[in-house]
Amino acid sequence: MWNRHTELISKRRLRTFILLIKKKLLKQAVNNGLVINNRKKRYQLSLKFADLVDVSEYDTLGEKINNILKVDSVLRYIEEFEYKRQYRHFCYFKCSEIPPAKLEELVKNDAVYVFDKKGENLIDSYDKPSLYIADNLVYLKFSDRLNKEARNAIKFPVVCVLDKEHSVIELRFDRVGIAYKNSYNFYRDKINDILEYLKTRVSVEIENIDFKSVIDYMKSEKDNISIYAQRMQRNGTTAYLEAYNDGDGAMPILGELTNFIQENKELFDTDINTNLIKDKLLAFIHEIEVKSDMPMVKVKLEDRDIKFGITHNYKGMEYSLFMFYGELLGDKEMIGYVRNYLIECNRELENCISTNTVTVKEV
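As the structure is a computational prediction, the values presented were derived from the model and not from experiment.

Undergrad: Is there a simple way to explain unusual backbone geometry in this structure?
TA: Among all residues except glycine, the phi angle is most often negative; among peptide bonds, the trans geometry is most common. One non-glycine residue, S167, lies in positive phi territory at about 55°. Note that S167 resides in the loop between β7 (154–163) and β8 (168–173). Backbone geometry at N313 places phi at a positive 50°, although glycine is not the residue there. Along the polypeptide, N313 turns up in the loop between β13 (306–311) and β14 (321–324).

Undergrad: Please explain the environment of S220 as it appears in this structure.
TA: Take S220: it is sitting in helix α6 (residues 211–221). What makes S220 exposed here is its relative accessible area of 52%. Polar contacts involving the side chain of S220 include one to the main-chain carbonyl oxygen of Y217, which spans 3.1 Å.

Undergrad: What exactly am I supposed to notice about the pattern of salt bridges here?
TA: Close approach of charged atoms lets side chains of opposite charge pair. Scanning all chains against the criterion turns up 18 salt bridges. Where K155 meets E82, a salt bridge forms, and the shortest distance between an N and an O atom there is 2.7 Å. Taken together, the residues K155 in strand β7 and E82 in helix α3 (residues 72–84) connect sequence positions 73 residues apart. Taking relative accessible area as the criterion, K155 reaches 30% and is therefore assigned partly exposed. According to the relative accessible area criterion, E82 is buried, its value standing at 12%. A salt bridge links K300 to D305, with the shortest nitrogen-to-oxygen separation between them at 3.8 Å. Judged by its relative accessible area of 17%, K300 is buried.

Undergrad: Even after reading the chapter, I still don't get the pairing of strand β3 (residues 89–95), so can you show me in this structure?
TA: Regular strands place their side chains on alternate faces of the sheet. Counted residue by residue, β3 has 7 buried out of 7 residues, so it is predominantly covered. Here β3 shows no split at all, with H89, C91, F93 and C95 on one side and F90, Y92 and K94 on the other all buried. Of the strand pairs in this sheet, β3 and β8 are connected by 6 bridges, and their pairing is antiparallel. Following the sheet pairing, H89 is matched in β8 by F173. As defined by bridge partners, β3 adjoins β14 across 2 bridges and the pair is classed as antiparallel. Following the sheet pairing, H89 is matched in β14 by M323. Across 3 bridges, β3 lies against strand β9 (residues 206–208) in antiparallel orientation. By the bridge assignment, C95 is partnered in β9 with I206.

Undergrad: It is not clear to me how helix α5 (residues 186–201) should be interpreted in this structure. Could you clarify?
TA: Because the α-helix completes a turn every 3.6 residues, residues three or four places apart line up on one side. With 16 residues, α5 extends 22 Å from end C-alpha to end C-alpha; this agrees with the ideal 22 Å at 1.5 Å per step. Within α5, burial applies to F186, Y187, K190, I191, I194, L195, Y197 and L198. S203, located one to two residues past α5, shows a positive phi value of around 60°.

Undergrad: Please explain the pairing of β8 as it appears in this structure.
TA: Here β8 lies mainly inside the structure; 6 of its 6 residues are buried. Residues V168, E170 and R172 line one face of β8 and the alternating positions I169, L171 and F173 line the opposite face, and both faces are buried. Where β7 and β8 come together, 5 bridges link them in antiparallel fashion. In the strand pairing of β8, C160 is matched with L171. Between β7 and β8, which pair antiparallel and follow one another directly, the connecting turn spans 4 residues, one of which, S167, has a positive phi of 55°.

Undergrad: Just to check I follow, could you spell out the packing of aromatic side chains for this structure?
TA: Two aromatic rings are characterised by how far apart their centres lie and by the angle between their planes. Here the structure, examined in full by the defined rule, presents 21 aromatic pairs. Ring centres of Y132 and Y139 lie 5.6 Å apart, and the angle between their planes is 50°; this geometry places the pair in the tilted category. Both residues of the pair, Y132 and Y139, belong to the buried class. One cation-aromatic arrangement involves K141 over Y83; the distance from NZ or CZ to the ring centre is 4.3 Å. The positively charged end of K315 is found above the aromatic ring belonging to Y184, 3.2 Å away from the centroid.

Undergrad: So what exactly am I meant to see when it comes to α6 here?
TA: For α6, the set of buried residues is F211, V214, I215, Y217 and M218. What you see down the axis of α6 is that its buried residues fit within an arc of 160°, all on one side.

Undergrad: How do you make sense of the nonpolar core when you look at a structure like this?
TA: When a protein is soluble and globular, its nonpolar side chains tend to lie buried together. Grouped together as the largest cluster of nonpolar side chains are 34 residues, with contacts concentrated most on L140, C160, L162, I169, L171, I191 and L198. Only β3, α4 (100–108), β6 (137–146), β7, β8 and α5 provide two or more residues apiece to this core. Not counting residues up to four positions away in its chain, the partners in contact with I191 are C91, F93, L171, F173, Y319 and L321. If you look at the next biggest cluster of nonpolar residues, it comprises 29 residues, including I225, Y337, V338 and I343.

Undergrad: Honestly, the environment of A111 in this entry has me stumped. Any pointers?
TA: Within the secondary structure, A111 sits in the loop between α4 and β4 (113–114). With 90 residues separating them along the chain, A111 and R201 place their C-alpha atoms 9.5 Å apart. Apart from residues lying up to four places away in sequence, A111 is in contact with L106, K128, P129, Y197 and R201.

About the criteria used
Residues numbered from 1 in each chain as written. Predicted model: local features only at pLDDT ≥ 70, side-chain atom pairs only at ≥ 80, totals over all residues. Heavy atoms only, no water. Helix = DSSP H or I, 4+ residues; strand = E, 2+ residues; numbered from the N terminus. Buried < 20%, exposed > 50% of the residue type's maximum accessible area, 1.4 Å probe, protein only. Polar contact = N/O pair within 3.5 Å; in protein donor to acceptor, adjacent residues only side chain to side chain. Salt bridge = Lys/Arg side-chain N within 4 Å of Asp/Glu carboxyl O. Pairing = 2+ DSSP bridges. Expected span 1.5 Å × (residues − 1). Phe/Tyr/Trp six-rings, centres within 6.5 Å; stacked < 30°, edge-to-face > 60°. Lys NZ or Arg CZ within 6 Å of the ring centre and 35° of its normal. Arc of directions from axis to C-beta. Core = buried A, V, L, I, M, F, W, Y, C linked by side-chain atoms within 4.5 Å. Contact = heavy atoms within 4.5 Å.

Listed below in structure tokens is the structure:
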């Protein structure tokens with residue numbers, strides 16, 4: 001019963017997400033001058049050209065999408081759209097310098113398709129990745145065909161972003177329904193396959209980022225974030241937690257206990273014994289927060305109202321998997337902002353460690 005209920009929720013979320021993608025796609029195609037969608041059918045001049053499609057006469061979103069997909073210019077736009085759009089899941093790795101010669105070699109040997117917005121041919125394929133360069137970032141898109149049934153096959157892209165400036169690799173992908181996964185480790189296997197491709201074909205050395213330490217650093221040094229545990233492990237047991245208040249940065253029960261102590265300050269300050277009880281309670285709370293392992297946390301960047309979860313040591317691996325919560329299609333710069341923020345926090349932490357190490361050696 002539980003599995004059936006979970007699957008129904010996942011299907012509803014998937015349908016909602018697909019609907020949002022369709023709306024975004026149609027809006028962007030109109031904004032980019034590829035499609036005419038004169039919804040009011042008045043007060044707007046619609047000029048029809050040979051390479052434009054007018055979907056004004058269609059009433060439903062599905063009909064409009066089906067008709068714009070008949071135009072090659074729109075299909076090329078969709079190919080480009082897949083590189084830059086928001087994805088639900090993402091993960092980061094540090095890497096050595098990305099050798100341009102290796103990327104050129106992939107192109108020369110016809111090992112990748114090269115995306116050209118002005119090109120005449122569509123390039124998306126399942127047999128090899130496609131290459132796209134924009135905004136000083138190199139994108140490699142790996143596409144798979146997932147089959148539930150022959151007539152219900154879906155495309156599953158994983159976008160690999162090579163950030164040459166910061167020597168960082170980012171992988172982005174969406175969730176898929178249970179029926180399309182061929183194993184319990186579906187996402188993990190996809191990630192590992194692409195990392196192996198980068199090591200062997202692009203000749204980059206890849207290093208995991210210790211995001212547990214980064215999160216601890218953010219908790220102690222950053223004022224514009226809230227962090228709370230979603231899963232906590234202590235003394236061999238696991239607790240699954242949800243925040244008492246979405247804006248509360250502490251673990252729920254501990255946050256409530258801390259608030260209780262503060263609200264009853266006069267009572268705890270009655271005498272030396274009640275003060276001792278308060279001190280012991282606060283020390284106990286601190287010990288739990290410091291010594292407990294938090295394999296899953298949720299982060300909220302307060303200034304941008306961006307929320308994402310982190311699963312550390314994902315499926316037994318040494319890397320962390322991230323997941324955005326809420327609406328994906330609002331701020332188009334959201335995913336870039338999060339990457340820059342987290343990488344900058346990691347850099348600050350590494351500088352602190354490096355400075356402390358040098359100081360200890362000097363002493």
